[in-house]
Amino acid sequence: MIHWLTQPITELGRQIDAMFYWILAITGIVFILVEGLLVYYIIRYRRTHAEQQGLDYHGNTKLEVLWTLVPALILVVIGYFCVPLVQAAQTPPSNAIVIQVIGHEWSWEFKYPNGVDTQGSEPLRIPAGQNVLFKITSGDVIHDFWVPQFRVKQDAVPGRETRVWVNVTDTDIGTYPLRCAEYCGVLHSQMVSTVQVLSPADYQSWLDGQAKAAASKAQADQLKAQQAKQTGSAPLGDATNGQKLATQFGCLSCHAIDNTQKAGPSWKGLAGTQVPLSDGKTVTADPAYLKESIQSPTAKVVKGYSPIMPQTQMSDSDVNDLVAYIQSLK
Amino acid sequence: MFPRFRRSTLGQWIFTVDHKKIGIMYGVTALIFFLIGGSAALGIRTKLLTPGPVSQITPDAFNQLFTVHGTIMVFLFVIPMLTGFFGNYLVPIQIGARDMAFPRMNALSYWLFLLSGIMLVASLFMGNIPDAGWTSYPPFSVQSPGGGIDAWILSLHVNGLSSILGAINVIVTVFCMRAPGMTLNRMPLLVWSLLATSFIQVFGVPALSGAVTTLLADRHWGTVFFNPQFGGDPMLYQHLFWFYSHPAVYVLILPAMGIVSEIIPVFARKPIFGYKAIAYSSCAIAFLGFFVWAHHMFVAGMAIGSGVPFMISTMIIAVPSSIKMFNWLATLWKGSISYKTPMLLCTLGFMGLFTIGGLSGIFLAAVPIDLGAHDTYFVVAHFHYVVFGGSMMAILAGLFYWFPKVTGRMYNEKLGVVMFWFYFIGTNLTFFPMHFMGLAGMPRRVYTYDPALQGLNELSTIGSYIISVGVILMVVNLVHSAFKGVKVGDNPWVDAQTLEWKTSSPPPHHNFDEIPVVTAAPYEFGAPNGPTPKPHSVNS
Ligand code: HEM
Ligand SMILES: [Cu+2]
Ligand SMILES: [Cu+2]
């Protein structure tokens, strides 16, 4: 049941682990020395007679100097050997594939070099054996991009770009957890995703497939919008896609679809009803209201709930799909 | 005003400017906050028994719990207990003074502290509990709705003012009010440590107050100090916050080390080894403590390489702490050690556990390791070994050691020893597994976690229940003995040599009938031949 360090999957990670074990060895020796002496002394020198005195001895300057300089030296040596690792972590190779990482409350967005942009619970995909540079930022509050197996993490800070670079060993193709390590609100602990380390070929074909799908979706959206303009009706969403999005964006962790109590109101039978608001008014849950609730959650707050719903960045057609999904929940 | 009321028992406490009464009020209030903060910790640990969500504790409530827990423990328990109770009660009496330099300001410090506590706790009843962690980083803390964070900010303002006033009082008292013959190098080591601590408070608290004031301005008055959209920078807050809050962790530990330095020589019947090394290392820590703050920000968005100077300064500041540890060990060597509750808490408790916290700190100081370990449960393990294994053990030791002086009655020794073992075992069981959780990938401040880590979390939660039993035993012992304990004379520890033991228990209003003249250092114990019993004692 003892869980030790997770397996590192980069060369830098393995070097950092070597450093970890060195420090463990040094501190381990100090630990045994100090705790050993402590236990030995308190047993050996316990008082056995009521009048027994200790030794009248006030100190020893040579000893003081010794136990000041030796720890100082050991610590500075540790520091010295850490510097090259810091250098390596800080300096990304020049020929790296650049992936933008954007933290949102509470999901990760990834932008790949050819414009592919994934959101929600879509995993991060990277090729093995190649230099990958993550440029990290945030769309709202501070998050932290952390894959334990990379060993290096960086905060995602709004208005700032931080960087992590990796080169995952070829033999470590697989799936690893991606977590947010900086507290960011209600669903901080559920801001988890995964990293899929693919072979370069698999990575490329996934990327190409995504680019194609994105292009055709954009075309379809345009068509729909045109139709809507012509007929004058509201654009119709796709409820099945809405259902997928609701899971991806984490809506369902706060909204039930079966009237159970969660952090937000249940969606079952919501559409068309009268919704009481916290300012005393009521509003009809028509598509316009639902849309507004999703796009600017704090504009109208439902009575009895706190305004904790996060603003999620998504396209207009995604919003319509979600609305259609909510309307489908009779 | 109200002459009648002033003379009543309650009035005598409320209007008191006596440093001893103020100290006791600090101590009792801080212990009450410890019980509140501890209950919040039990709430956190109880939720974490299982990896998934539970309906009784929502994610929202969980975040409020750890925020309230951290804030209370740091600002309303450990700091007021150490500087407020031990500082107030003992500094004047240990240097042979009749009171603090500014008795009324001293009373004001206490009432401000109480007010700050009430302001924080009041948020519980206004339905807006702060939820941004004890660090309250923007932009999250700027966006968090409701009055919770505002209550938190105002509470810290008032609390900071109280700390600064208290610190100025200690500094002036130590420099101006010492009894004849009490040279600086004859001061008890606790006084040295509280003096160093007071300088930290005076120079550090303004940074914290500045940080939270700007936070308040960003929240309500449309300023953009921390808003990147308009050129502000969230990291500015972190720099300001840690510029105070790293030195503040030395406020949590230096007086604790002072307490340990008082107790060990008495129960080992040996002079403290290396008096000057221990005294001056406190000053070194207080000074160096202002140059390490950014070790909390290695992954916060600075260039990774800018961490290196802070790594080195952090490594260096570990040295004065280890010097103290070696000196205490050398004090035990060839001592004649008796294991009363305070001594158990200082040796096995403080020395044994603080060592673990100090050593895990070296991992976190090393930038390459911290890139992985930052913001994981490894950090939670580290600082609880320091604050619980260190500060808390020393506070308990001090409470029991000075209990007969303060109340004039002895505590129950057997119950004290049993309590020690509950604390000791509970602490290790609660906090040691957290190292492994962190290394296995569990971030801190999480409501849900990887089910594979449930076993470790169960251990930790069981440990926290064992600590609670210790806490109950502590309260029972203190309260019961305060009224029913055996009465004691001036110096129940027989050997203790600092000045507070040269007056009655409890001391008279003006501490000493006659101001003592000091002729020797405070730890003149021991026989020239060491721990062999004196011959006549064998025969008699
Ligand atoms: C009664 C025993 C205690 C237990 C069982 C306990 C437990 C915990 C736990 C589990 C956390 C982690 C919360 C999280 O990251 O999810 C925590 C955080 C913390 N604890 Fe304690 N703790 C105890 C005593 C103390 C004491 C004496 C202090 C004194 C300073 C303290 C200071 C803190 C601080 C500052 C935090 C960080 C809060 C934050 O993340 O904002 N704790 N505690
Ligand atoms: Cu987060
Ligand atoms: Cu620090």
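Everything numeric in this text was worked out from a predicted model, so none of it was measured. (Residues numbered from 1 in each chain as written. Chains lettered and ligands numbered in written order. Predicted model: local features only at pLDDT ≥ 70, side-chain atom pairs only at ≥ 80, totals over all residues. Heavy atoms only, no water.)

Participant: Account for the nonpolar core, naming residues and giving values.
Facilitator: The biggest cluster of nonpolar side chains holds 245 residues, and the ones touching the most others in it are I126 and F134 of chain A together with F350 and Y423 of chain B. Once residues within four sequence positions are removed from consideration, F134 of chain A is found in contact with I99, V101, L124, I126, F145, F150, T162, R163, V164 and V166 of chain A. Ranked by size, the runner-up nonpolar core spans 21 residues in total, among them V275, L277, I294 and V319 of chain A. (Core = buried A, V, L, I, M, F, W, Y, C linked by side-chain atoms within 4.5 Å. Buried < 20%, exposed > 50% of the residue type's maximum accessible area, 1.4 Å probe, protein only. Contact = heavy atoms within 4.5 Å.)

Participant: A description of the pairing of strand β9 (residues 174–180) of chain A should follow, citing residues and the corresponding values.
Facilitator: Moving residue by residue along a regular strand, the side chains alternate between the two faces of the sheet. Residue and element names in this part refer to chain A. Across 2 bridges, strand β6 (residues 143–146) lies against β9 in antiparallel orientation. Looking at the pairing, F145 lines up with C180 of β9. Note: β9 against strand β10 (residues 193–198), 5 bridges, orientation antiparallel. Bridging across to β10, Y176 finds its partner in V195. (Pairing = 2+ DSSP bridges. Helix = DSSP H or I, 4+ residues; strand = E, 2+ residues; numbered from the N terminus.)

Participant: How would you explain the coordination of the copper ion (ligand 2) if you had to name every residue and give the values?
Facilitator: Coordination angles at a metal have ideal targets, namely 109.5 degrees for four tetrahedral donors and 90 or 180 degrees for six octahedral donors. Residues and elements named next belong to chain A. For the copper ion (ligand 2), the protein coordination sphere consists of C180 (SG), E182 (O), C184 (SG) and H188 (ND1), at 2.1 to 2.5 Å. Each of the 4 donor atoms bound to the copper ion (ligand 2) contributes to angles spanning 86 to 127°, and the resulting shape is tetrahedral. Spacing between the donor residues of the copper ion (ligand 2) along their common chain follows C-x1-E-x1-C-x3-H. Overall, the relative accessible area of 0% leaves C184 in the buried class. (Donors = N, O, S within 2.8 Å, 3.2 Å for Na, K, Ca; no water. Tetrahedral: all angles 85-135°; square planar, octahedral: opposite > 155°, others 65-115°.)

Participant: Please provide a residue-by-residue account of the sheet that holds strand β1 (residues 97–104) of chain A, values included.
Facilitator: The strands making up a sheet are joined through hydrogen bonds of the backbone, oriented either antiparallel or parallel. All names here are of chain A. As summarised here, the arrangement of the 5 strands in space is β3-β2-β1-β5-β8, forming an open sheet in which the pairing is mixed. Across the chains shown, the open sheet's two edge strands, defined by having one partner strand only, are β3 (117–118) and β8 (162–166). Pairing between strand β2 (residues 107–111) and β3: 2 bridges, direction antiparallel. If you follow K111 over to β3, its bridge partner there is D117.

Participant: I'd like a rundown of the side chain of N63 of chain B, residues and numbers included.
Facilitator: On the secondary structure map, N63 of chain B appears in helix α4 (residues 59–94). A residue is classified by how much of its surface remains accessible, and N63 of chain B, at 3% relative accessible area, is buried. Of note is the side chain of N63 of chain B, whose polar atom sits 3.2 Å from the side chain of Y183 of chain A. When residues no more than four places from it in sequence are discounted, the contact partners of N63 of chain B are Y183, G185 and V186 of chain A together with D131 of chain B. (Polar contact = N/O pair within 3.5 Å; in protein donor to acceptor, adjacent residues only side chain to side chain.)

Participant: Break down the coordination of the iron atom of ligand 1 for me, with residues and values.
Facilitator: All names here are of chain B. In this structure, H69 (NE2) and H384 (NE2) serve as the protein donors to the iron atom of ligand 1, at separations of 2.0 Å. Coordination at the iron atom of ligand 1 is octahedral, judged from the 6 donor atoms that bind it and the angles of 87 to 179° they form at the metal. With H69 in helix α4 and H384 in helix α14 (residues 377–407), the pair connects residues that are 315 residues apart, well separated along the chain. H384 carries the same exposure label as H69, and that label is buried.

Participant: Help me get a handle on the confidence of the model for chain B, residues and values and all.
Facilitator: For chain B, per-residue confidence averages 91 on the pLDDT scale, and 98% of positions sit at 70 or higher. Here the complex is predicted with pTM 0.86, and the ipTM for its interfaces comes to 0.90. (pLDDT = per-residue confidence, 0-100.)

Participant: So what about unusual backbone geometry? Which residues, and what values?
Facilitator: Residue W106 of chain A is reached from E105 of chain A by a cis peptide bond, and omega for that bond is -5°. Mapped onto the fold, W106 of chain A is located in the loop between β1 and β2. Cis geometry marks the peptide bond from S505 of chain B to P506 of chain B, where omega comes out at -10°. Structurally, P506 of chain B is set in the loop between α16 (454–484) and α17 (535–539). Residue R151 of chain A is not a glycine yet carries a positive backbone phi of 75°. Examined against the element boundaries, R151 of chain A turns out to sit in the loop between β6 and β7 (154–156). Its identity is not glycine, yet R269 of chain B carries a phi of approximately 50°, on the positive side.

Participant: Could you give an account of the site of ligand 1, with specific residues and numbers?
Facilitator: All names here are of chain B. Looking at ligand 1, there are 24 residues lining it, with H69, W134, H384, R444 and R445 nearest. One of the side-chain nitrogen or oxygen atoms of H69 is found 2.8 Å away from a nitrogen atom of ligand 1. One of the backbone nitrogen or oxygen atoms of R445 is found 2.6 Å away from an oxygen atom of ligand 1. Among the secondary structure elements, those contributing two or more residues to the shell around ligand 1 are α3 (19–47), α4, α14 and α15 (413–439). In terms of residue count, α4 provides more of the shell around ligand 1 than any other element does, 7 residues in total. Counted by class, the shell around ligand 1 contains 16 nonpolar, 5 polar and 3 charged residues. (Near = heavy atom within 4 Å. Nonpolar A, V, L, I, M, F, W, Y, C, P; charged D, E, K, R; others polar.)

Participant: Tell me what's going on with the interface of chain A and chain B, and back it up with residues and numbers.
Facilitator: Between chain A and chain B, the residue contacts involve 81 residues of the former and 110 residues of the latter. Approximately 7900 Å² of surface area, both sides summed, lies buried where chain A meets chain B, with 68% of it carried by carbon and sulfur atoms. One can count 1 salt bridge joining chain A with chain B. Where D233 of chain B meets R160 of chain A, a salt bridge forms, and the shortest distance between an N and an O atom there is 2.6 Å. Where chain A meets chain B, there are 25 residue pairs in polar contact (both at pLDDT 80 or more). For the side of chain A that touches chain B, the secondary structure elements donating two or more residues are α1 (11–44), α2 (61–90), β6, β7 and β9 of chain A. (Buried area = accessible area lost by both parts, 1.4 Å probe. Salt bridge = Lys/Arg side-chain N within 4 Å of Asp/Glu carboxyl O.)

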